[in-house]
Amino acid sequence: MSRILIVTGANGTLGKGASSVLLQKNYDKVYLCDRKEIDWIPESDKVKKIMIKDMAKDEFVNNLFEKINAEKEDEIYLFSTIGGFYSGRIGELEKDKLDLQFNINTKSVFLLAKHFQLFCSDKSGGSICFTSARTAEKPAAGKSVYGASKAALEYLVRTIAIEWENDNLSANCISPIALDTQENREWVKDKTILASPEMIGEKVHELFYNTPCVSGEIVKMPMNIE
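Since the structure is predicted, the reported quantities are computational estimates derived from the model, not experimental observations. (Residues numbered from 1 in each chain as written. Predicted model: local features only at pLDDT ≥ 70, side-chain atom pairs only at ≥ 80, totals over all residues. Heavy atoms only, no water.)

A. Seen up close, the state of the cysteines. If you walk through the whole model with that rule in mind, you get 0 disulfides. Here Cys120 stays unpaired: no disulfide links it, and the sulfur of Cys33, its closest cysteine neighbor, is 14 Å away. By relative accessible area, Cys120 is classed as buried at 4%. (Disulfide = S-S within 2.5 Å. Buried < 20%, exposed > 50% of the residue type's maximum accessible area, 1.4 Å probe, protein only.)

B. Fine view of helix H4 (residues 144-163). For H4, which comprises 20 residues, the first-to-last C-alpha distance of 29 Å matches the rise-based estimate of 28 Å (1.5 Å per residue) to within 8%. Buried residues along H4 sit in contact with helix H3 (95-120), strand S5 (125-131), strand S6 (169-176) and strand S9 (218-221). (Helix = DSSP H or I, 4+ residues; strand = E, 2+ residues; numbered from the N terminus. Expected span 1.5 Å × (residues − 1). Contact = heavy atoms within 4.5 Å.)

C. Focus on the packing of aromatic side chains. Overall, the coordinates contain 5 aromatic pairs when judged by the stated rule. Taken together, a centroid distance of 5.2 Å and an interplanar angle of 45° make the contact between Tyr77 and Phe208 tilted. Of the two residues, Tyr77 is situated in strand S4 (residues 75-80) and Phe208 in helix H6 (residues 197-209); the sequence distance between them amounts to 131 residues. Judged by relative accessible area, Tyr77 falls into the buried class, the value being 2%. Chaining the aromatic ring pairs together yields one cluster made of Tyr27, Tyr77 and Phe208. A cation over a ring is seen here: Lys123 above Phe119, with NZ or CZ 4.1 Å from the ring centre. (Phe/Tyr/Trp six-rings, centres within 6.5 Å; stacked < 30°, edge-to-face > 60°. Lys NZ or Arg CZ within 6 Å of the ring centre and 35° of its normal.)

D. Quick peek at the nonpolar core. Among the nonpolar cores identified, the biggest contains 32 residues, and Leu64, Phe65, Phe116 and Phe130 are the most heavily contacted of them. Looking at this core, the elements that each hand over two or more residues are strand S1 (3-8), strand S2 (29-34), helix H2 (58-66), S4, H3, S5, H4 and S6. A per-element tally of this core places H3 first, with 7 residues. Counting residues in hydrophobic clusters, the runner-up holds 25 residues, among them Ala18, Tyr27, Leu32 and Leu207. (Core = buried A, V, L, I, M, F, W, Y, C linked by side-chain atoms within 4.5 Å.)

E. Fine view of the side chain of Asn172. When you line up the elements, Asn172 lands in strand S6. Residue classification places Asn172 among the buried residues on the basis of a relative accessible area of 1%. Within the structure, Asn172 has its side chain in polar contact with the backbone oxygen of Val214 (distance 3.1 Å). Reaching out from Asn172, the side chain makes a polar contact with the backbone nitrogen of Glu217 at a distance of 2.9 Å. Beyond its immediate stretch of four places on either side in the chain, Asn172 contacts Ser127, Ile128, Cys129, Phe130, Val157, Leu207, Val214, Ser215, Gly216 and Glu217. (Polar contact = N/O pair within 3.5 Å; in protein donor to acceptor, adjacent residues only side chain to side chain.)

F. Up close: the side chain of Ser132. If you trace the backbone, Ser132 turns up in the loop between S5 and H4. By relative accessible area, which is 3% here, Ser132 ends up buried. Within the local environment of Ser132, its side chain forms a polar contact with the side chain of Glu154, the two groups lying 2.7 Å apart. Apart from residues no more than four positions distant in its own chain, Ser132 is found in contact with Lys150, Leu153, Glu154, Cys173, Ile174, Ser175 and Pro176.

None of this, on its own, says anything about what the molecule does.
Put into structure tokens, the structure is as follows:
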């Protein structure tokens, strides 16, 4: 039996930081996926790289799983770091920004979960973890569409977890307040609210390690801040 890990959005700040942690864990094969070429790590017997144009389109997500080499006895784990943010009050936002945020933050979740379940139907089991945001439960001016798309993501995760109860599969998501990046450190006054990509990578691995016992959880990061 092999433990196979898939990371989507592996070129982003969260994707790189979390992957650097997950690559040190006990996964036998790792597939790093992004819409752009991944140049920060070379391919090897363990690490494979996949370019996927659009995670909000069924045919591209299906194509991703067609490229994953797995046997029936393998366990499959997927961490999606994909997310998009546009700010603006309702009266200022164009409809295309609404469509774009729901495509990135919600539709991609639906499609990844759908094809993950289909792919794992003849495997030993596995777990999927998505990336939400604390805005989903704490409304703020200028974040209406972003927060709504993340709230929809969290509802999907909770529902998927119920549907997968008897399938040896689990679904969870990470909900940070803000990522610990150089850009965010320039404007965030309270640095204790920041969650590093590496910290998130450790928490994702913990969730995967405890599958399928832990499912349907929205894990707040940092965990000690409501």
